[in-house]
Amino acid sequence: MIWWPVGLAGLGALAFSARYHWWRSRQPGSPVLMYHQIVQELDGTPLPKLRVPPRAFANQLDAMARRGYEVTSLKDALEAGEGAKTAVLTFDDAFQDFAANAWPLVQARGMGATVFVVTSQIGGSNVWDQGKGIPSVPLLDAGQIKELAAQGVEFGGHGHQHRDLTSLSPDELARDLAACQETLSELLGKPARSFAYPYGLFNDQVKLAVAGAGFSAACSTRPGMLAGSTDPLAIPRIIVKRSDQALDFSLKLTRTKSRW
Ligand SMILES: [Zn+2]
């Protein structure tokens, strides 16, 4: 009865392949990872995927170091260019836990990161999430942003009010982006270069307005790699989720996706 174990192994391999995208071809370029919060607690959030536990995050940093990635901010990766084996850490919304939980792990490994700030809510909270059952979470204040910037964190814009920029009139759009750049420039003493579209939403008009406000690199939430041919105002990112296991993470680094 030799077919039994073979049959079972075959079925197992089939199930594994259906679940994990190891068969997907490797994609050239740098993975730009998107995180929101690095926290253990869920606090009843309806979006647990956006809260990665510190332990898992530390393991992800170590996995990248083992694989020879230089883990940097977006600015440093763009400056390093295509030949470098870089991976980029980005954090949307600038939650307080970046200072408490994420940065110490990043800094201890000599790595870099980019944090995208909602400039009307510096020292405030995620008011744009309210009414959706998402808990209120405090955001980095001006003193923390200055201190982290002095330690090498790159800060970029995430809109002044975290509005869907594709829904704004040309006037509102220009005003929101100008306020965002002005607030950051004043705080950091130099213009911010990087931007992340709130909700990942953008169109050609939004891209032009973001460039017009002085940002030269902007991140979307479309999956893909950062390569030489990438539109710098539509940089794809890879979402790292709470449920990602080590295998998911390693597949995402090279293939942008791990499972359906
Ligand atoms: Zn956001």
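This text goes with the structure placed above it.
Once a new chain begins, its residue numbering starts again from 1 and follows that chain's sequence as written. Totals for whole chains, interfaces and linings use all residues, but because this is a predicted model, local features are given only for residues with pLDDT of at least 70 and pairs of side-chain atoms are given and counted only at 80 or more. Think of the side-chain values as coming from all heavy atoms in the structure, minus any hydrogens and water.

Once that is clear, we can look at the overall build of the chain. Helix numbering and strand numbering both begin at the N terminus, where a helix is a DSSP run of H or I of at least 4 residues and a strand a DSSP run of E of at least 2. What the chain contains, in helices and strands, is 8 helices and 10 strands. In terms of C-alpha radius of gyration, the chain reaches 19 Å, essentially the compact-globule figure of 18 Å for 260 residues. The principal-axis extents of the C-alpha atoms in the chain amount to approximately 75 × 40 × 40 Å. For each residue, the accessible area found with a 1.4 Å probe, counting protein chains only, is set against the maximum for its type, and the residue is called buried under 20%, exposed over 50%, and partly exposed in between. Looking at the chain residue by residue over its 260 residues, the buried ones come to 46%. The criterion used for residue contact is that any of the two residues' heavy atoms lie within 4.5 Å. For the chain, contacts bridging at least 24 residues in sequence account for 63% of all contacts bridging at least 6. For every accessible area listed, the method is Shrake-Rupley and the probe measures 1.4 Å; residues are considered covered only by the protein chains on display. For the chain, the exposed surface amounts to about 12,000 Å²; the carbon and sulfur share of it is 56%. Residues scored as positive are Lys and Arg, those scored as negative are Asp and Glu, and His as well as the terminal groups of each chain are ignored. Charge placement uses NZ in Lys and CZ in Arg. For Asp and Glu, CG and CD serve respectively. Taken together, the 26 basic and 24 acidic charged side chains of the chain have centroids lying 10 Å from each other. Restricting the calculation to C-alpha atoms gives the radius of gyration, and the globule rule supplies 2.2 Å times the number of residues raised to the power 0.38.

This part is about the layout of surface pockets. Taken as a whole, the largest pocket spans an internal volume of roughly 460 Å³. The wall of the largest pocket is formed by 25 residues, among which H36, L47, L50, D93 and Y199 lie closest to the centre. Of the residues assigned to the lining of the largest pocket, the class counts are 11 nonpolar, 8 polar and 6 charged. Points on a 1 Å grid, built from protein atoms alone, make a cavity when a 1.4 Å probe fits but cannot get out and make a pocket when they are open with protein on both sides within 12 Å along at least 5 of 7 lines; residues with an atom within 4 Å of a point are the lining residues. Grid points are joined across faces, edges and corners, and a volume is the space filled by probe spheres set on the points. Classification convention: Asp, Glu, Lys, Arg as charged; Ala, Val, Leu, Ile, Met, Phe, Trp, Tyr, Cys, Pro as nonpolar; all other residues, Gly among them, as polar.

The residue D93 is not glycine, and still its phi comes out positive at about 85°. Along the chain, D93 turns up in the loop between β5 (86–92) and α4 (97–108). Despite not being glycine, H162 shows a phi value in the positive range, around 55°. Along the chain, H162 turns up in the loop between β7 (154–157) and α6 (170–188).

In this section: the pairing of β5. Of all 7 residues in β5, 7 are buried, a share of seventy percent or more. The alternating pattern of β5 places T86, V88, T90 and D92 on one face and A87, L89 and F91 on the opposite face, and all of these are buried. In terms of strand pairing, strand β1 (residues 32–35) meets β5 through 4 bridges, oriented parallel. Across the sheet, L33 pairs through a bridge with L89, a residue of β5. Following DSSP output, two strands are said to pair if at least two bridges run between them. Relative to β5, strand β4 (residues 70–72) runs parallel, the two being bridged by 3 bridges. Following the sheet pairing, V71 is matched in β5 by A87. Convention used here: a crossover is right-handed provided that the path from the first strand, over the helix, to the second strand proceeds clockwise when the strands point away from the viewer. As for the winding sense of the linkage, the β-α-β connection from β4 through helix α3 (residues 74–80) to β5 is right-handed. Where β5 and strand β6 (residues 114–117) come together, 3 bridges link them in parallel fashion. If you follow T90 over to β6, its bridge partner there is T114. Crossover connection from β5 via α4 to parallel β6: handedness right-handed.

Note that all results are geometric; they support no functional claim without further evidence.
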